[in-house]
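Coordinate analysis (summary)
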Amino acid sequence: MTTALITHPDCLNHITPEGHPERVARLEAVAEALKDLDLLRLDAPMGEDSQILRAHPQTHIDRIKTAGVSQLDPDTYMSEGSLTAAYRGVGAVVKAVDMVLGGEVANAFCAIRPPGHHAEREKPMGFCLFGNIAIAAKHALEVHGLSRVAIMDFDVHHGNGTQDLVWDDARILFASTHQMPLYPGSGEASETGAHGNVLNVPLDPETDGAVFRAAMTEQVLPAIDAFAPELILISAGFDAHKNDPLANLNWIEDDFAWATHQLCDLADKHCDGRVVSTLEGGYDLDGLAASCAAHVNVLMERGK
Ligand SMILES: [Zn+2]
């Protein structure tokens, strides 16, 4: 068994304005960091509307399809290549779920952009157009017949979009650690989902990986363990890194590796090690590259 790396050159054609943190160089840095690893490398297929419709209404899909070159909110831009890039992102996570659940690979990482965890049901925002990780979860439930899928989001920002897309779906546990206060402002511990299926763990600014590890150990990991997922999905943002310009947590590469090990432990216990991870944020290129490599190295080690 091996680890799949699913990506596509089209994800480099999503061009944001000069100075925008969510830029092409991010994915180039990730590709460079992973280039010598012994991964099964695959091009992402295009996602399909039927897959997106499990998370977003047709009106949202139509809005993104017809937006053209535009600014959708203060942070979220579309260039000529953005629509195709977004569909590659959806296609990547769906393909990853198919491969992992089909037993073709042990686990998978999707190196894609634009990211997805801020996109709400009818609202692109925070650099995100489609809710990739929620779409992946719903694909696993609807197409592969799973009953329980857990999503862990350790991006430094709250995954408000994922929370919105899974809020009323008892089959999905959504757990998020994030700095608070910080964009987008949601993610209070009191937000628990329609079925108690959402776990938000806000972290104070300027805290380090020890605080994150304690929050994981005391809250997140027991919740995932009790949920007994049949698949674990990861919204892997690396912007809690100490050098990230958009936030104020002080994690280092080893914190991401540690979290990955912990999630793989639970995957081993409950679901034959099945893990699908996808890139969200991370805006310091060196911190992003090193942290992402640490994360993927653990997936590879655990996927052997
Ligand atoms: Zn983020």
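That block above? That's the structure.
The following paragraphs examine the structure supplied in this document. (Residues numbered from 1 in each chain as written. Predicted model: local features only at pLDDT ≥ 70, side-chain atom pairs only at ≥ 80, totals over all residues. Heavy atoms only, no water.)

Looking only at helices and strands, the chain features 9 helices and 10 strands. Across its three principal axes, the chain shows a C-alpha extent of roughly 45 × 45 × 40 Å. For the chain, contacts bridging at least 24 residues in sequence account for 77% of all contacts bridging at least 6. Summed over its atoms, the accessible surface of the chain is roughly 10,700 Å², and 49% of this surface lies on carbon and sulfur atoms. (Helix = DSSP H or I, 4+ residues; strand = E, 2+ residues; numbered from the N terminus. Contact = heavy atoms within 4.5 Å. Areas by Shrake-Rupley, 256 points an atom, 1.4 Å probe, with all protein chains shown as cover.)

This part is about the packing of helix α4 (residues 82-101) against helix α5 (residues 132-142). Between α4 and α5, the shortest axis-to-axis distance is 9 Å and the interhelical angle comes to 35 degrees. Note on packing geometry: the crossing formed by α4 with α5 is right-handed. Residues G89, V90, V93, V94, V97, D98 and L101 of α4 form the contact with α5, whose own contacting residues are N132, I135, A136, H139 and A140. In the contact of α4 with α5, the residues fall into 8 nonpolar, 3 polar and 1 charged. (Axes fitted to C-alpha atoms, helices over the stretch in contact; angles between N-to-C directions. Left-handed = near helix turned anticlockwise from the far one by under 90°. Nonpolar A, V, L, I, M, F, W, Y, C, P; charged D, E, K, R; others polar.)

With that out of the way, let us pick up the packing of aromatic side chains. Throughout the structure, instances matching the rule amount to 8 aromatic pairs. Aromatic rings pair up to connect F154, F212, F238, W251, F256 and W258 into one cluster. (Phe/Tyr/Trp six-rings, centres within 6.5 Å; stacked < 30°, edge-to-face > 60°.)

Structurally, Q163 can be placed in helix α6 (residues 160-166). Within the structure, Q163 has its side chain in polar contact with the side chain of E191 (distance 2.8 Å). Setting aside its immediate chain neighbours within four residues, Q163 contacts H158, F174, E191, V198 and N200. (Polar contact = N/O pair within 3.5 Å; in protein donor to acceptor, adjacent residues only side chain to side chain.)

This next bit is on α5. Most of α5 sits out of view: 10 of its 11 residues are buried. Restricting attention to buried positions, one finds in α5 the residues N132, I133, A134, I135, A136, A137, K138, H139, A140 and L141. (Buried < 20%, exposed > 50% of the residue type's maximum accessible area, 1.4 Å probe, protein only.)

Protein ligation of the zinc ion involves D155 (OD), D155 (OD), H157 (ND1) and D239 (OD), the donor distances falling in the range 2.0 to 2.7 Å. For the zinc ion, the 4 donor atoms are set out with angles of 53 to 155 degrees between them, so the coordination reads as irregular. (Donors = N, O, S within 2.8 Å, 3.2 Å for Na, K, Ca; no water. Tetrahedral: all angles 85-135°; square planar, octahedral: opposite > 155°, others 65-115°.)

This part takes up unusual backbone geometry. A cis amide bond links R113 to the next residue, P114, at an omega of 0 degrees. For P114, the position within the fold is in the loop between β5 (107-111) and α5. Residue Y183 is joined to P184 through a cis peptide bond whose omega torsion reads 5 degrees. Among the secondary structure elements, P184 is positioned in the loop between β7 (172-179) and β8 (198-203). Positive phi is not limited to glycine here, since F127 has a value of about 75 degrees. By the element assignment, F127 lies in the loop between β5 and α5.

With 4 bridges joining them, strand β1 (residues 3-7) and strand β2 (residues 40-43) adopt parallel strand pairing. Each bridged residue has a counterpart across the sheet, and for T7 the counterpart in β2 is D43. For the crossover from β1 across helix α1 (residues 24-34) to β2, the handedness is right-handed. (Pairing = 2+ DSSP bridges. Right-handed = clockwise from strand over helix to strand, strands pointing away.)

A sheet is described by the order of its strands in space; here 8 strands give the open sequence β2-β1-β5-β10-β9-β6-β7-β8, paired in parallel fashion. Where the open sheet ends on each side, the last strands, each with one partner, are β2 and β8. For this sheet, the mean angle separating the axes of adjacent strands, direction not counted, is 15 degrees. Pairing between strand β9 (residues 232-236) and strand β10 (residues 275-279): 5 bridges, direction parallel. When the bridges of β10 are listed, I234 appears paired with S277. Of the strands in this sheet, β1, β2, β5 and β10 are in contact with α1, which crosses β5 at around 140 degrees. Seen against the sheet, helix α7 (residues 209-227) touches β6 (149-153), β7, β8 and β9 and runs at an angle of roughly 175 degrees to β8.

Limitation: the analysis is restricted to geometry and does not speak to function.
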